[in-house]
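Coordinates in review
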Amino acid sequence: MILLDALTGLLLVAAVFFFVAGTVGLLRFPDLYSRLHALTKADNVGLGLAVLALMLQAKGWPEVFKLGLVWLLVLAASATVCFLIGNEACRRGVKPWTRRSP
């Protein structure tokens with residue numbers, strides 16, 4: 001039981017790391033497209049680690065299944081919303097950031 005709790009804690013710490021990394025990417029990256037990429041990737045991995053930690057503490061298989069289903073639905077929603085935002089930005093003429101040499 002102690003090993004299971006330690007693994008759960010480790011997974012939650014890793015999840016927080018990815019959530020923070022996504023937030024830093026949102027604040028630091030130069031354009032909409034790279035910010036979307038940072039948020040989508042980091043938050044999906046962070047959520048996956050958090051759900052895995054919760055699955056380790058679940059009482060039975062129905063709870064594990066429900067947690068997995070929630071994670072899959074959030075993955076699908078996140079990818080869809082990211083696509084819609086990026087597509088609309090492209091349609092409105094938002095250009096990706098490019099490094100310019102002095």
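Conventions used here
- Residues numbered from 1 in each chain as written.
- Predicted model: local features only at pLDDT ≥ 70, side-chain atom pairs only at ≥ 80, totals over all residues.
- Heavy atoms only, no water.
- Helix = DSSP H or I, 4+ residues; strand = E, 2+ residues; numbered from the N terminus.
- Expected span 1.5 Å × (residues − 1).
- Contact = heavy atoms within 4.5 Å.
- Disulfide = S-S within 2.5 Å.
- Buried < 20%, exposed > 50% of the residue type's maximum accessible area, 1.4 Å probe, protein only.
- Patch = residues over 30% accessible without salt bridge, like charges linked within 9 Å, V, L, I, M, F, W, Y side chains within 5 Å.
- Areas by Shrake-Rupley, 256 points an atom, 1.4 Å probe, with all protein chains shown as cover.
- Salt bridge = Lys/Arg side-chain N within 4 Å of Asp/Glu carboxyl O.
- Phe/Tyr/Trp six-rings, centres within 6.5 Å; stacked < 30°, edge-to-face > 60°.

**Remarks on helix 3 (residues 61–91)**
The terminal C-alpha atoms of helix 3 lie 45 Å apart, and with 31 residues this matches the ideal 45 Å at 1.5 Å per residue to within 8%. Against helix 2 (32–57) lie the buried residues of helix 3. The positive-phi residue at the C-terminal boundary of helix 3 is Gly93, with phi of around 90°.

**Comments concerning the state of the cysteines**
The full count for this structure, using the stated rule, is zero disulfides. We note that Cys82 lacks a disulfide partner, and the nearest cysteine sulfur, in Cys90, lies 13 Å from it. A relative accessible area of 52% means that Cys90 is categorised as exposed.

**Concerning a nonpolar patch on the surface**
On the surface, Leu32, Val81, Ile85 and Val94 cluster together into a nonpolar patch covering about 280 Å² of accessible area. Among the secondary structure elements, Val81 is positioned in helix 3. When its relative accessible area of 44% is taken as the criterion, Val81 is described as partly exposed.

**So, the packing of aromatic side chains**
Applying the stated criterion across every chain, the model contains one aromatic pair. With centroids separated by 5.5 Å and ring planes inclined at 80°, the aromatic side chains of Phe17 and Phe18 adopt a geometry described as edge-to-face. Among the residues examined, Phe17 registers a relative accessible area of 53% and is labelled exposed.

**Quick word on the environment of Trp61**
Note on placement: Trp61 falls in helix 3. In this structure Trp61 comes out as exposed when scored by relative accessible area, which is 72%. Taking the C-alpha atoms as reference points, Trp61 and Arg99, 38 residues apart in sequence, are found 50 Å from one another.

Interpretation in functional terms is not warranted from these geometric data alone.
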